[in-house]
Amino acid sequence: EKINLANHKSAIKRAGQNEIRRIRNKSVKTRIKNSVKNVRLAVSEKSSEAALKKLDDAKSIIDKAAKKGTFHTKTASRKISRLTKLVNTISA
């Protein structure tokens, strides 16, 4: 069990909310890392079709994370942009 240092009712509630958000954000970030890794793997194997499909999946996951507030919208845009640029190197 985790030790709660909060004393006031509102602080106890806030600590609980933070813990729930931390766990949710952690799973979303892990999912993003895995999808980005899959895109990079497909690019390294020079498989253009697989890379494009995995890029679409990664875009969707990253956009959802930005929408939920796990990532800032500009961070999500930057990640998508860099992945797209990477995939375009093998497509062109």
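Structure report, in brief. Residues take numbers from 1 onward in each chain, read along the sequence in its written order. Local features in this predicted model are restricted to residues of pLDDT 70 or higher, and side-chain atom pairs are both shown and tallied only at a pLDDT of 80 or more, whereas totals for entire chains, interfaces and linings draw on every residue. Computation of side-chain values covers all heavy atoms of the structure but excludes hydrogens and water.

A short note on the side chain of Ser35
Its location among the elements puts Ser35 in helix 1 (residues 9-44). The contact criterion used throughout is that any non-hydrogen atoms of two residues lie within 4.5 Å. Leaving out residues up to four positions away in the same chain, Ser35 has contacts with Ala58 and Ile61. To qualify as a helix, a DSSP run of H or I must reach at least 4 residues; to qualify as a strand, a run of E must reach at least 2; elements of each kind are numbered from the N terminus.

Structural notes on the packing of helix 2 (residues 48-68) against helix 3 (residues 73-91)
One can describe the packing of helix 2 onto helix 3 by two numbers: an axis separation of 10 Å at closest approach and a directional angle of 175°. With respect to helix 3, the element helix 2 is oriented roughly antiparallel. Contact residues: helix 2 offers Ser48, Ala51, Leu52, Leu55, Ala58, Lys59, Ile62, Asp63 and Ala66, while helix 3 offers Thr73, Ala76, Lys79, Ile80, Leu83, Thr84, Val87, Ile90 and Ser91. All residues other than Ala, Val, Leu, Ile, Met, Phe, Trp, Tyr, Cys, Pro, Asp, Glu, Lys and Arg, Gly among them, are scored as polar; the first ten of these are nonpolar and the last four charged. Classifying every residue of the contact of helix 2 with helix 3 gives eleven nonpolar, four polar and three charged. Fitted lines through C-alpha atoms serve as axes, helices being fitted only where they are in contact, and the angles separating the N-to-C directions of these axes extend from 0 to 180 degrees. Any angle that is under 35 degrees is reported as roughly parallel, and any over 145 degrees as roughly antiparallel; angles of 65 to 115 degrees are reported as roughly perpendicular and all others as oblique.

Some points on the packing of helix 1 against helix 3
Where helix 1 meets helix 3, the axes come as close as 10 Å, and the angle between the chain directions of the two elements is 15°. Put simply, helix 1 runs roughly parallel to helix 3. Helix-helix and strand crossings are classified by hand; for helix 1 and helix 3 the assignment is left-handed. Taken together, the residues of helix 3 that come into contact with helix 1 (itself represented by Val36, Val39, Arg40 and Val43) are Leu83, Leu86, Val87 and Ile90. By residue class, the composition of the contact of helix 1 with helix 3 is seven nonpolar, no polar and one charged. The handedness criterion is simple: a crossing whose near helix is rotated anticlockwise from the far helix by less than a right angle is left-handed, and one whose near helix is rotated clockwise is right-handed.

Regarding the environment of Asn4
Considering the arrangement of structural elements, one finds Asn4 in the segment before helix 1. For the pair Asn4 and Asp57, spaced 53 residues apart in sequence, the C-alpha separation works out to 38 Å. Among residues more than four places away in sequence, those in contact with Asn4 are Ile12 and Ala15.

So, helix 2
To estimate the expected span of a helix, count its residues, drop one, and scale the result by 1.5 Å. Taking 1.5 Å of rise per residue, 21 residues should cover 30 Å, and helix 2 covers 30 Å from first to last C-alpha, within 8% of that figure. Think of it in three bands: residues with accessible area under 20% of the maximum for their type are buried, residues over 50% are exposed, and the middle band is partly exposed, with areas taken using a 1.4 Å probe on protein chains only. Every buried residue belonging to helix 2 is among Ala51, Leu55, Ala58, Ile61, Ile62, Ala65 and Ala66, and all of these are buried. Summarising the axial view, the buried residues of helix 2 lie within an arc of 135°, below the 170-degree limit, and thus occupy one face. Opposite the buried face of helix 2, by more than 90 degrees, sit the exposed residues Glu49, Lys53, Lys67 and Lys68. Buried positions along helix 2 lie against helix 1 and helix 3. Phi turns positive one or two residues past the end of helix 2, at Gly69, with a value near 95°. Each C-beta atom gives one direction from the helix axis, and the arc is the one those directions make.

Shape descriptors only; they carry no functional weight alone.
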